[in-house]
Amino acid sequence: MGKAMIKAVFVGMSALLALASAQPAFAAGCANAAVTIGQSKIHADLEGTGTLTVVFESGNGEGADAWAGVVARARAMGVRTLVYDRAGLGSSSPRRGRYSIDRDVDDLRALLTACRVRGPIVIAAHSYGGFIALRTAARDRRVRGLVLVDANVPGFFDRAETDAILAEYRPQYDAVRRQAPALAATLIPVIEAYPTSATTLRATRLPRGLPIIDIVAEKSWLSTDEALARWRAAHAQFVAEDRARSSVFAAGSGHHVMRDKPELVIDAIDHMVRKVIALRSGR
């Protein structure tokens, strides 16, 4: 290891220690608790120390437990971690009224404020959570980096794709309503809103230079080779749009990379945390 590399390692360690020693007050009610956001009770768990917070955003129909294998390990980096269940999922109460992706984004931003998370923030997002993370990053300057885990990117979801999603899932609605009525009440409106959500995301502009690590699973969630090829092409195009973005291929992994290949996700979060710290300190 050369002198320059040794110096870089020690600089990164010093920055992490500085973050760990700075422990701003945050709302005690956000530690494994229900937080009132609008008319909903959002279950959240904010733990750890430091000024940087890693927020975990789950896929459609999934709660915070989707990240169970990586949250504590991320917190061991000397940062705070926030996991939560979106309205109607996990331990959170349902939301009233019509679904829109911006209502999910508004809930997250309000939760961050209620928990006194001032930033910087890194969001790790899986699947549909990618849409929420991207939209939040475009609207909230506290977000300084993203780790996308086989997540939605706008370029894949053209009208033909969203029509295909509706055609595939609509015949299953009645069965889901019978077997899991509470989940159906939350999940189905998200699926029905896919065309609108995708249009919203295609019109969303991220800050230039926002660091993003885009992890793409080898197997993902798609049912045909042709669809998988389009998925990979959309991710490649997304990464190519900004030099601050990079890609990681999760060989052998299914859609839930954080379960199949947790080391890849932990490494990406660690890299992003160090990147955000370095950018913040001007190095």
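It should be emphasised that the depicted structure is a prediction, and the values quoted were computed from it without experimental measurement.

A.B. asks: Run through the overall build of the protein, naming residues and quoting values.
C.D. replies: Counting secondary structure elements, the protein contains 11 helices and 8 strands. Accessible surface, the protein: about 13,200 Å² in total, of which carbon and sulfur atoms supply 54%.

A.B. asks: Break down the sheet that holds strand β5 (residues 121-126) for me, with residues and values.
C.D. replies: Pairing between the strands of a sheet comes from backbone hydrogen bonds, and it takes one of two forms, parallel or antiparallel. With mixed pairing, the 8 strands of this open sheet are ordered in space as β1-β2-β4-β3-β5-β6-β7-β8. In this open sheet, the two strands that pair with only one neighbour each are β1 (33-37) and β8 (245-250). Adjacent strand axes in the sheet meet at a mean angle of 25 degrees when their direction is disregarded. As judged from the 5 bridges shared by strand β3 (residues 53-57) and β5, these two strands associate in the parallel manner. Bridge pairing in β5 places F56 opposite A124. Here helix α3 (residues 101-114) sits on the sheet and contacts β1, β2 (40-48), β3, β4 (80-84) and β5; the angle it forms with β1, its principal contact strand, is near 115 degrees.

A.B. asks: Outline helix α4 (residues 129-139), listing residues and values.
C.D. replies: Summarising burial for α4: 9 of the 11 residues are buried, a large majority. Buried residues of α4: G129, G130, F131, I132, A133, L134, R135, T136 and A137, and no others. The inward-facing, buried residues of α4 abut β3, α3, β5, β6 (143-149), α8 (194-202) and α9 (225-240).

A.B. asks: Give me the lowdown on the packing of α3 against α4, citing residues and values where you can.
C.D. replies: Where α3 contacts α4, the two axes come as close as 9 Å, and the packing angle between them is 65 degrees. In this structure, α3 crosses over α4, and the sense of that crossing is right-handed. Every residue of α4 that contacts α3 at I101, D102, D104, V105, D106, L108 and R109 is listed here: F131, I132, R135, T136 and R139. Its residues assigned to classes, the contact of α3 with α4 shows 5 nonpolar, 1 polar and 6 charged.

A.B. asks: I'd like a description of the state of the cysteines, backed by residues and values.
C.D. replies: Taken as a whole and assessed by the stated rule, the structure comprises 1 disulfide. The residue that forms a disulfide with C30 is C115, at a sulfur-sulfur distance of 2.0 Å. When the S-S torsion is -95 degrees, as for the bridge of C30 with C115, the disulfide is left-handed. Of the two residues, C30 sits in the loop between α1 (3-21) and β1 while C115 sits in the loop between α3 and β5, which places them 85 residues apart along the sequence. Assessed through its relative accessible area of 1%, C30 is described here as buried.

A.B. asks: A description of the packing of aromatic side chains should follow, citing residues and the corresponding values.
C.D. replies: Think of a pair of aromatic rings as described by two things: how far the centres are apart, and how the planes are tilted against each other in angle. Across all of its chains, the model carries 11 aromatic pairs by this definition. A centroid spacing of 5.7 Å and a plane angle of 85 degrees characterise the contact between W221 and W231, whose relative ring orientation is edge-to-face. In this pair, W221 sits in the loop between β7 (212-217) and α9 while W231 sits in helix α9, placing the two residues 10 residues apart along the sequence. For W231, a relative accessible area of 0% translates into the label buried. Joined through ring pairs, the aromatic side chains of Y128, F131, F156, F157, Y194, W221 and W231 make up one cluster.

A.B. asks: If you had to explain the pairing of β7 to someone new, which residues and values would you point to?
C.D. replies: For β7, the buried fraction is high: 6 of the 6 residues fall into the buried class. Side-chain alternation along β7 places I212, D214 and V216 on one buried face and I213, I215 and A217 on a second face that is also buried. Direction of pairing for β6 relative to β7: parallel, over a ladder of 4 bridges. Bridge pairing links V147 to I213 in β7. The pairing of β7 with β8 spans 6 bridges and is parallel. In the sheet register, D214 faces β8, and the bridge partner there is S247. Read from β7 through α9 to β8, the crossover connection turns out right-handed.

A.B. asks: Describe the environment of V70, naming the residues involved and giving the relevant values.
C.D. replies: The residue V70 is located in the loop between β3 and α2 (71-75) in this model. In sequence terms V70 and I269 are 199 residues apart; their C-alpha atoms lie 9.7 Å from each other. Apart from residues no more than four positions distant in its own chain, V70 is found in contact with F56, M258, P262 and I266.

Definitions and limits used
- Residues numbered from 1 in each chain as written.
- Predicted model: local features only at pLDDT ≥ 70, side-chain atom pairs only at ≥ 80, totals over all residues.
- Heavy atoms only, no water.
- Helix = DSSP H or I, 4+ residues; strand = E, 2+ residues; numbered from the N terminus.
- Areas by Shrake-Rupley, 256 points an atom, 1.4 Å probe, with all protein chains shown as cover.
- Pairing = 2+ DSSP bridges.
- Axes fitted to C-alpha atoms, helices over the stretch in contact; angles between N-to-C directions.
- Contact = heavy atoms within 4.5 Å.
- Buried < 20%, exposed > 50% of the residue type's maximum accessible area, 1.4 Å probe, protein only.
- Left-handed = near helix turned anticlockwise from the far one by under 90°.
- Nonpolar A, V, L, I, M, F, W, Y, C, P; charged D, E, K, R; others polar.
- Disulfide = S-S within 2.5 Å.
- Phe/Tyr/Trp six-rings, centres within 6.5 Å; stacked < 30°, edge-to-face > 60°.
- Right-handed = clockwise from strand over helix to strand, strands pointing away.

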